[in-house]
Amino acid sequence: LPQDPVDFEWNFWIEWGRERILWLLAGHLLVSQVSRLLVEKYKPWCLMVYGMAACWLLLGIKGFAVILVHAAISFAVAQFQLSLLTWLCSLILLSTLRIPAVEEAKRKWYDTENEYYLLLFTVSVRCLFCTSFSLEYCWHGPDQKSSHSFLWMLAYIFYYPTFHNGPLMNFDEFSKQMRRKEAFSLKTNLSILILGIIRIFFWWCLAELMIHLMYIHALYSSAPPLEAASYWALGGLALAQVLFFYVKYLVLYGVPALLLQMDGLKPPALPCCVSLMHSFTEMWRSFDVGLHRFLVRYIYVPMGGSQSSLLGTLFSTALTFAFVSYWHGGQSYLWYWAALNWLGVIVENGVKRILSISLIQDLI
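Calculation criteria
- Residues numbered from 1 in each chain as written.
- Predicted model: local features only at pLDDT ≥ 70, side-chain atom pairs only at ≥ 80, totals over all residues.
- Heavy atoms only, no water.
- UniProt positions renumbered as here; feature names shortened; annotations may be inferred.
- Helix = DSSP H or I, 4+ residues; strand = E, 2+ residues; numbered from the N terminus.
- Contact = heavy atoms within 4.5 Å.
- Phe/Tyr/Trp six-rings, centres within 6.5 Å; stacked < 30°, edge-to-face > 60°.
- Buried < 20%, exposed > 50% of the residue type's maximum accessible area, 1.4 Å probe, protein only.
- Lys NZ or Arg CZ within 6 Å of the ring centre and 35° of its normal.
- Expected span 1.5 Å × (residues − 1).
- Core = buried A, V, L, I, M, F, W, Y, C linked by side-chain atoms within 4.5 Å.
- Domains from an automatic or database assignment.
- Axes fitted to C-alpha atoms, helices over the stretch in contact; angles between N-to-C directions.
- Parallel < 35°, antiparallel > 145°, perpendicular 65-115°, else oblique.
- Left-handed = near helix turned anticlockwise from the far one by under 90°.
- Nonpolar A, V, L, I, M, F, W, Y, C, P; charged D, E, K, R; others polar.

- The protein goes by HHAT palmitoyltransferase in an unreviewed UniProt entry, where it is assigned to Pedionomus torquatus.
- Here is the UniProt Sequence similarities (unreviewed entry) comment for the protein, exactly as written: "Belongs to the membrane-bound acyltransferase family. HHAT subfamily."
- Regarding the protein, the relevant UniProt record gives this comment under Subcellular location (unreviewed entry): "Endoplasmic reticulum membrane".

What follows is the structure, given as structure tokens:
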């Protein structure tokens with residue numbers, strides 16, 4: 001049966017994966033295992049060099065230079081050790097991705113639109129990694145600066161499994177785990193790899209079946225079928241859409257998560273099945289765990305979080321969702337999406353607070 005071609009993200013990453021990215025990830029795996037076996041002490045630097053070479057090969061010298069310049073600017077601003085200044089720098093760097101003249105100039109670097117989009121997605125994700133490193137640098141004392149050197153920043157930013165699309169891993173977690181010395185067993189790693197490949201292949205087959213049989217995205221892109229459908233059918237389509245999104249990210253995050261395991265790191269948990277969730281809060285906590293940890297550590301808690309007043313909690317939650325919307329592109333539909341999610345989280349937490357009153361509990 002013909003494939004539903006409307007889901008851009010799936011088609012984009014599968015095409016790049018088949019062409020080059022899977023081969024580069026296999027190269028990373030080889031470098032990682034050899035360095036763990038022979039030069040464990042220099043493993044971060046071996047992987048850094050490989051990640052830089054892979055970036056150069058895939059994005060060209062100009063794309064590589066853009067990421068290097070972003071890292072250098074972020075590191076220079078972090079020297080002032082002011083969190084607000086670091087955030088301002090991060091937002092300005094992120095905003096440069098949406099300046100029409102800059103977009104047009106970058107498009108001219110490449111022969112195809114897909115190559116430009118690969119640079120765009122990669123730089124967007126790298127902005128979060130630069131922000132994580134810079135804020136950790138601001139928060140740590142002079143005695144810990146050696147573990148927050150520019151070399152460590154490059155090792156973190158050019159770590160290839162998470163390079164193009166994540167998952168996001170905060171710098172403090174990455175550096176602690178990368179420094180940790182642990183016994184290396186080629187046999188254990190081989191069994192992890194084989195089981196991981198079987199699982200990912202199963203998820204990929206399931207996703208391919210969905211886009212060859214269900215045509216969810218094609219239906220969504222055409223108004224007449226939606227207008228003709230009953231409310232039950234629309235509900236089924238909505239459920240099918242989020243289920244496909246879940247399976248898609250099992251594949252897109254499953255591959256780098258497997259490589260993280262092979263490198264001796266603990267990856268963020270893979271997305272939890274959306275059919276098991278019944279709340280906005282739980283969805284945000286357990287779907288993209290890496291992004292959730294980033295938002296909580298660098299935005300929600302520093303702005304007061306749940307420990308502040310009611311207005312403070314509302315503000316810190318709103319700021320978190322505003323950043324999510326802006327990072328994803330800042331289009332009007334994303335602001336609506338973020339606002340509705342914010343309302344959902346606020347209503348849920350409000351109901352929880354009401355239900356925690358002893359009088360209400362007695363009535364229940």
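That was the structure; now back to the text.
**Considering the environment of Cys-272**
(1) Moving on: Along the polypeptide, Cys-272 turns up in the loop between α11 (231-262) and α12 (280-286).
(2) Moving on: The spatial distance from the C-alpha of Cys-272 to the C-alpha of Asp-288 is 8.6 Å, given a sequence separation of 16 residues.
(3) Moving on: Beyond its immediate stretch of four places on either side in the chain, Cys-272 contacts Tyr-246, Met-277, Ser-286 and Phe-287.

**Topic: the packing of aromatic side chains**
(1) Moving on: Tallied over the full model, the rule gives 37 aromatic pairs.
(2) Moving on: Centre to centre, the rings of Phe-75 and Tyr-137 are 5.7 Å apart; their planes meet at 65°, and the pair counts as edge-to-face. With Phe-75 in helix α2 (residues 43-78) and Tyr-137 in helix α5 (residues 113-139), this residue pair connects regions lying 62 residues apart in the sequence.
(3) Moving on: Using a relative accessible area of 8% as the deciding quantity, one classes Tyr-137 as buried.
(4) Moving on: Look at Trp-139 and Tyr-298: their rings are 5.6 Å apart centre to centre, the planes differ by 35°, and that puts the pair in the tilted class. You can see Trp-139 sitting in helix α5 and its partner Tyr-298 sitting in helix α13 (residues 289-300), a full 159 residues away along the chain.
(5) Moving on: Within the aromatic cluster, the residues linked to one another by ring pairs are Phe-75, Phe-129, Phe-133, Tyr-137, Phe-150, Tyr-156, Tyr-159, Phe-171 and Phe-174.
(6) Moving on: Cation over ring: Arg-98 sits above Tyr-326, and NZ or CZ is 4.6 Å from the ring centre.
(7) Moving on: Above the ring of Phe-129, the side-chain terminus of Arg-126 is found at 4.0 Å from the ring centroid.

**A short note on unusual backbone geometry**
As a rule of thumb, non-glycine residues mostly have phi less than zero, and peptide bonds are mostly trans rather than cis.
(1) Moving on: Gly-166 connects to Pro-167 through a cis peptide bond whose omega is 5°.
(2) Moving on: In this structure, Pro-167 sits in the loop between α6 (150-157) and α7 (171-179).
(3) Moving on: One non-glycine residue, Tyr-215, lies in the positive phi region at around 55°.
(4) Moving on: Topologically, Tyr-215 is positioned in the loop between α8 (186-213) and α9 (216-220).
(5) Moving on: Given the relative accessible area of 27%, Tyr-215 is considered partly exposed.

**Considering α8**
(1) Moving on: Between the first and last C-alpha of α8 there are 40 Å, a value that for 28 residues agrees with the 40 Å anticipated at 1.5 Å per step.
(2) Moving on: If you check which residues of α8 are buried, you get Asn-189, Leu-193, Gly-196, Ile-200, Trp-203, Ala-207, Glu-208, Met-210 and Ile-211.
(3) Moving on: For α8, the elements touching its buried residues are α1 (8-38) and α11.
(4) Moving on: Phi turns positive, to about 55°, at Tyr-215, one or two residues after α8.

**Observations concerning the UniProt feature "transmembrane region" (unreviewed entry) in the protein**
(1) Moving on: If you check UniProt for "transmembrane region" (unreviewed entry), the listed places come out as residues 20-39, 46-69, 75-95, 116-135, 150-171, 192-217, 229-252 and 310-328 in our numbering.
(2) Moving on: Helix and strand shares over residues 150-171 are 41% and 0% respectively, and the end C-alpha atoms of the span are 13 Å apart.
(3) Moving on: Counted over residues 310-328, helix gives 100% and strand 0%. Its end C-alpha atoms are 27 Å apart.

**Some thoughts on the nonpolar core**
(1) Moving on: One finds Ile-157, Phe-158 and Phe-323 to be the most contacted residues of the largest nonpolar core, which totals 92 residues.
(2) Moving on: Both of domain 1 (8-179) and domain 2 (269-363) provide at least three residues apiece to this core.

**Some remarks on the packing of α2 against α6**
(1) Moving on: Relative to each other, α2 and α6 sit at 110°, their axes nearing to 9 Å. Classified by the interaxial angle, the pair formed by α2 and α6 is roughly perpendicular. Remark: the crossing between α2 and α6 carries right-handed chirality. Residues Pro-44, Trp-45, Met-48, Met-52, Ile-67, Leu-68, Ala-71, Ala-72, Ser-74 and Phe-75 of α2 pack against Phe-150, Leu-151, Trp-152, Met-153, Leu-154, Ala-155 and Ile-157 of α6.
(2) Moving on: When its residues are assigned to classes, the contact of α2 with α6 shows 16 nonpolar, one polar and no charged.

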